[in-house]
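# Coordinates in review
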Amino acid sequence: MQKKILFIGLALLLASGSQMNAQNAKQDSTYRKWFVGSTLLLLGNLDDTNNPGYIQINAGYRITPKDVIQFRFKRSQYAWPLGIPFGPDFDAPGLNYPGHARILAPQIGYQRFWRKGLYTSVYVLNAFEKYMDENKKKIGNGFTLYTDFYLGYQFKFFKDHFFFEPAIGVSYWPLRTGVPDSFKNVEQKWPNYFIQPGLDFGFKF
């Protein structure tokens, strides 16, 4: 399912190439300051094997034409080690947790536009986790501090009312507490970072 999501994101990126001239629009005091949105990663909820029950809501404010602050809220559940990369090991039998974790995660970030739609962004995410065993019985609570870094490009549509932001990102977690020993045993062979796509979209007003 993850490969399907990446393919869809790439197809949308290529399809939106014809819109690049829209980036030449002048940015002045009339630029749209607020936006709300989400991510195409929600398509992962179509996965019947490890459905993450993923929810992401984005809201932001454009301080200047180049500087944006953003708040995100995420909710999901996962049954695989956080550092396991996309590829043959992802969703492979025998590599998952003996159960799953549920997270609620508020996130705050800063986005900087450099030239036209090219941007970098950094986010700090506080994940409050609940760990469940294979019988769906709670075995503990935990907390993980994430930092996310992205490099991407914003494509604008319909007179700058809508946007799509394909990006490549790295998620790194320097602090992780409360992980049950049975979960730690599965995690220890994987790094504490993850390379991932960004496929955000939204509406400006």
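Residues numbered from 1 in each chain as written. Predicted model: local features only at pLDDT ≥ 70, side-chain atom pairs only at ≥ 80, totals over all residues. Heavy atoms only, no water.

### Section: empty space enclosed by the protein
Over the atoms rolls a probe the size of a water molecule, and its path tells where empty space is left. To keep it simple, the criterion reads: As defined here, a cavity is a set of points on a 1 Å grid over the protein atoms alone where a 1.4 Å probe fits but cannot get out. A pocket is an open set with protein on both sides within 12 Å along at least five of seven lines, and residues line them when an atom is within 4 Å of a point. Grid points are joined across faces, edges and corners, and a volume is the space filled by probe spheres set on the points. Runs of H or I in DSSP of at least four residues are treated as helices and runs of E of at least two as strands, each being numbered from the N terminus. Charged means Asp, Glu, Lys or Arg here, nonpolar means Ala, Val, Leu, Ile, Met, Phe, Trp, Tyr, Cys or Pro, and polar covers whatever is left, Gly included.
The final tally for this structure, using the stated rule, is two cavities of 30 Å³ or more. If you add up the space inside the largest cavity, you get close to 830 Å³. Leu 41, Tyr 54, Trp 80, Phe 194 and Gln 196 are, among the 42 residues lining the largest cavity, the residues nearest its centre. At six residues, the largest contribution of residues to the lining of the largest cavity is made by strand S9 (residues 193-204). Around the second largest cavity sit Arg 32, Lys 33, Trp 34, Phe 35, Arg 62, Val 68, Gln 111, Phe 113, Gln 154, Phe 163, Glu 165 and Lys 204, which together line it. Taken together, the elements giving at least two residues each to the lining of the second largest cavity come down to strand S1 (34-39), strand S4 (99-115) and strand S8 (162-177). Along the lines of polarity and charge, the residues of the lining of the second largest cavity split into five nonpolar, two polar and five charged.

### Topic: the nonpolar core
Spelled out, the test is: Residue types Ala, Val, Leu, Ile, Met, Phe, Trp, Tyr and Cys, when buried and joined through side-chain atoms within 4.5 Å, form a set referred to as a nonpolar core. Each residue gets one of three labels from its accessible area relative to the maximum for its type: buried under 20%, exposed over 50%, partly exposed in between, using a 1.4 Å probe on protein chains only. Here a residue-residue contact requires only that any non-hydrogen atoms of the pair lie within 4.5 Å.
Judged by nonpolar contacts, the single largest core of 22 residues is most densely connected at Tyr 78, Trp 80, Leu 82, Ile 84, Tyr 97, Tyr 131 and Tyr 146. Elements supplying a minimum of two residues to this core: S4, strand S5 (118-133) and helix H2 (181-187). Setting aside chain neighbours within four positions, we find Leu 82 in contact with Tyr 97, Tyr 146, Trp 173, Arg 176 and Phe 194.

### Details of the pairing of S1
A regular strand carries its side chains on alternate faces of the sheet. Where we set the bar: Criterion used throughout: strands pair if DSSP finds at least two bridges between them.
With four bridges connecting them, S1 and strand S2 (residues 55-62) associate as antiparallel partners. Among the inter-strand pairings, Phe 35 is bridged to a residue of S2, identified as Gly 60. The sheet contact formed by S1 and S9 spans five bridges and is antiparallel. Within S9, the position partnered with Phe 35 by the bridge is Lys 204.

### What about unusual backbone geometry?
Backbone phi values are negative for most residues with the exception of glycine, while trans is the configuration of most peptide bonds. Despite not being glycine, Lys 116 shows a phi value in the positive range, around 55°. Despite not being glycine, Lys 136 has its phi angle at roughly 65°, a positive value. With respect to the secondary-structure elements, Lys 136 resides in the loop between S5 and strand S6 (138-153).

### A short note on the side chain of Thr 39
This is how the line gets drawn: By the criterion applied in these results, polar contacts are pairs of N or O atoms within 3.5 Å in which, for protein atoms, one can donate a hydrogen and the other can accept it, and in which residues neighboring in sequence qualify only through two side-chain atoms.
Tracing the chain through its elements places Thr 39 in strand S1. Within the structure, Thr 39 has its side chain in polar contact with the backbone nitrogen of Leu 41 (distance 3.1 Å). Here Thr 39 is in contact with Tyr 54, Gln 56, Leu 199, Asp 200 and Phe 201, once residues within four sequence places are set aside.

### Digging into the pattern of salt bridges
This is how the line gets drawn: Salt bridges are defined as contacts in which a side-chain nitrogen from Lys or Arg sits within 4 Å of a carboxyl oxygen from Asp or Glu.
Overall, the coordinates contain five salt bridges when judged by the stated rule. In this structure, Glu 129 and Arg 176 form a salt bridge, with 3.0 Å as the shortest nitrogen-oxygen distance. Highlighted residues: Glu 129 in strand S5 and Arg 176 in strand S8, separated in sequence by 47 residues. Of the two residues, Glu 129 and Arg 176, neither departs from the other in class, the shared state being buried.

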